[in-house]
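# Examining the three-dimensional arrangement
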Amino acid sequence: MEEAFKQGVSVSLIAPPDARGDFKSAILILALEPMEVEFLQIYPVIEGMQRYPRGFVVGL
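What comes next is a walk through the structure. (Residues numbered from 1 in each chain as written. Predicted model: local features only at pLDDT ≥ 70, side-chain atom pairs only at ≥ 80, totals over all residues. Heavy atoms only, no water.)

The terminal C-alpha atoms of helix α2 (residues 20–32) lie 19 Å apart, and with 13 residues this matches the ideal 18 Å at 1.5 Å per residue to within 8%. The set of residues buried in α2 consists of Phe23, Ile27 and Leu30. On an axial view of α2, the arc spanned by its buried residues comes to 60°, and they lie on one face. In α2, the exposed positions that point more than 90 degrees away from the buried face belong to Asp22, Lys24 and Leu32. Buried positions along α2 lie against β1 (12–15), β2 (35–37), β4 (48–52) and β5 (55–59). (Helix = DSSP H or I, 4+ residues; strand = E, 2+ residues; numbered from the N terminus. Expected span 1.5 Å × (residues − 1). Buried < 20%, exposed > 50% of the residue type's maximum accessible area, 1.4 Å probe, protein only. Arc of directions from axis to C-beta. Contact = heavy atoms within 4.5 Å.)

Below, the structure is given as C-alpha cells:
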C-alpha cells in the first residue's frame with residue numbers, strides 16, 4: 001500500500017464477508033498509524049466503502 005501511495009495512486013482494500021473483524025482492524029490501523037511516504041507521514045483518507053454479497057471494498 002505504501003508503494004502505491006508513493007506513486008500517487010489510489011488503493012482498495014477488499015475482504016470477504018467472513019473477515020469482517022480483520023477488515024475493521026485494518027481500517028482502524030490505517031486511521032491511527034501514519035504511513036511514511038518519503039519525508040512525510042500521511043494518514044490515508046477513506047474515499048468510499050461498498051458492501052457486496054461477496055464482501056466489502058474500501059477505497060483509500
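Moving on from the model shown.
Okay, the sheet that holds β5 next. With antiparallel pairing, the three strands of this open sheet are ordered in space as β1-β5-β4. Bordering the open sheet on either side are β1 and β4, each of which pairs with just one other strand. The average angle at which neighbouring strand axes cross in this sheet is 10°, direction not considered. Against the sheet, α2 makes contact with β1, β4 and β5, and its axis sits at roughly 10° relative to β5, the strand it touches most. (Pairing = 2+ DSSP bridges. Axes fitted to C-alpha atoms, helices over the stretch in contact; angles between N-to-C directions.)

Moving on, we come to the environment of Leu30. Within the element layout of this structure, Leu30 appears in helix α2. Take Leu30: its relative accessible area is 13%, and that puts it in the buried class. If we ignore the near neighbours within four places in the chain, the residues touching Leu30 are Met1, Leu13, Met35, Tyr43, Pro44 and Leu60.

A few words now on the packing of aromatic side chains. Summed over the entire model, instances satisfying the criterion amount to one aromatic pair. A ring pair is formed by Phe23 and Phe56, whose centres lie 5.9 Å apart and whose planes are at 25°; its orientation type is stacked. Residue Phe23 is located in helix α2, and its partner Phe56 is located in strand β5; the two are separated by 33 residues in the primary sequence. Of the two residues examined, Phe23 and Phe56, each falls in the buried class. (Phe/Tyr/Trp six-rings, centres within 6.5 Å; stacked < 30°, edge-to-face > 60°.)

Right, let's talk about the pairing of β1 for a bit. Alternating positions in β1 separate cleanly, Leu13 and Ala15 being buried on one face and Ser12 and Ile14 remaining unburied on the opposite face. For β1 and β5, the ladder comprises four bridges, and the chain directions are antiparallel. Note that in β5 the partner of Ser12 across the bridge is Gly59.

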